[in-house]
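Residues per chain are reported as follows:
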Amino acid sequence: MISETVIDVRYPDCDPMGIVHHAVYPVWYEIARMDYFEKLGFGYSAMHERGIDPPMVDLHVMYKSPVRYPGTVTVRTRATYTAPKKLRLHYETYYNGALVNACDTFHIWTGPDGRSLDMEAALPEVYKKLAAAVEEE
């Protein structure tokens, strides 16, 4: 499953040269990740009701070319790896039809106590959906 999320480029996201600041991209990934899980059928509100979170423990970003204000970007998100306690997501950011940024994030599932959670045991129906949605690179 690949999720596409369209995000408006805001003027406050830019540096004095009118280029989107590098620190904005992780915010876009969070928006895209929330959209991905919603489309998967296990949105953030459902996660939080159960005390489940996928905190990010690693982030790798490659900036290819700048994004400028005004405009929109499209972030394509897909899961590239899952295990009962782990998840890796890949993001590609497009601006004016061109790939301008790529990123991988790694997450650990945690439960209400903040400790590592086995999603396959805790929510097998959600884990099956996530495993079926994986798009390997």
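That block above? That's the structure.
Residues numbered from 1 in each chain as written. Predicted model: local features only at pLDDT ≥ 70, side-chain atom pairs only at ≥ 80, totals over all residues. Heavy atoms only, no water.

Engineer: How do you make sense of the pairing of strand 5 (residues 98-108) when you look at a structure like this?
Structural biologist: The side chains of a regular strand alternate, residue by residue, between the two faces of the sheet. Bridge count for strand 2 (residues 56-63) against strand 5 is seven bridges, and the pairing is antiparallel. Paired with L59 across the strands is T105, a residue of strand 5. Following strand 4 (residues 86-95), the chain reverses through two residues before pairing antiparallel with strand 5; N96 in that reversal takes a positive phi of roughly 55°. (Pairing = 2+ DSSP bridges. Helix = DSSP H or I, 4+ residues; strand = E, 2+ residues; numbered from the N terminus.)

Engineer: Is there a simple way to think about the side chain of T82 in this case?
Structural biologist: As for its placement among the helices and strands, T82 is situated in strand 3 (residues 72-83). Within the local environment of T82, its side chain forms a polar contact with the backbone oxygen of K86, the two atoms lying 3.3 Å apart. (Polar contact = N/O pair within 3.5 Å; in protein donor to acceptor, adjacent residues only side chain to side chain.)

Engineer: Explain the sheet that holds strand 3 here, please?
Structural biologist: Picture the strands of a sheet paired through backbone hydrogen bonds; they go either parallel or antiparallel. The sheet built from five strands is open, its strands ordered 1-3-4-5-2 with antiparallel pairing. Among the strands making up the open sheet, the edge pair consists of strand 1 (3-8) and strand 2. Averaged over all adjacent pairs, the angle separating strand axes in this sheet is 20°, with direction ignored. Sitting on the sheet, helix 1 (residues 25-40) is in contact with strand 1, strand 2, strand 3, strand 4 and strand 5, with an inclination near 135° to strand 1. Its contacts with the sheet place helix 4 (residues 124-133) against strand 3 and strand 4, and it is angled at close to 110° to strand 3. (Axes fitted to C-alpha atoms, helices over the stretch in contact; angles between N-to-C directions. Contact = heavy atoms within 4.5 Å.)

Engineer: Would you take a moment to explain the packing of aromatic side chains for this structure?
Structural biologist: Two aromatic rings are characterised by how far apart their centres lie and by the angle between their planes. Under the criterion given, the structure shown has seven aromatic pairs. Ring centres of Y36 and F37 lie 5.8 Å apart, and the angle between their planes is 80°; this geometry places the pair in the edge-to-face category. Here Y36 falls in the buried class, since its relative accessible area comes to 0%. Judged by centre distance (6.1 Å) and plane angle (40°), the rings of F37 and Y44 are tilted. Like Y44, F37 is buried. An aromatic cluster is present here, built from Y36, F37, Y44 and W109 joined pairwise through their rings. In this structure, R76 is placed above the aromatic ring of Y94, and the distance from its NZ or CZ to the ring centre is 4.2 Å. (Phe/Tyr/Trp six-rings, centres within 6.5 Å; stacked < 30°, edge-to-face > 60°. Buried < 20%, exposed > 50% of the residue type's maximum accessible area, 1.4 Å probe, protein only. Lys NZ or Arg CZ within 6 Å of the ring centre and 35° of its normal.)

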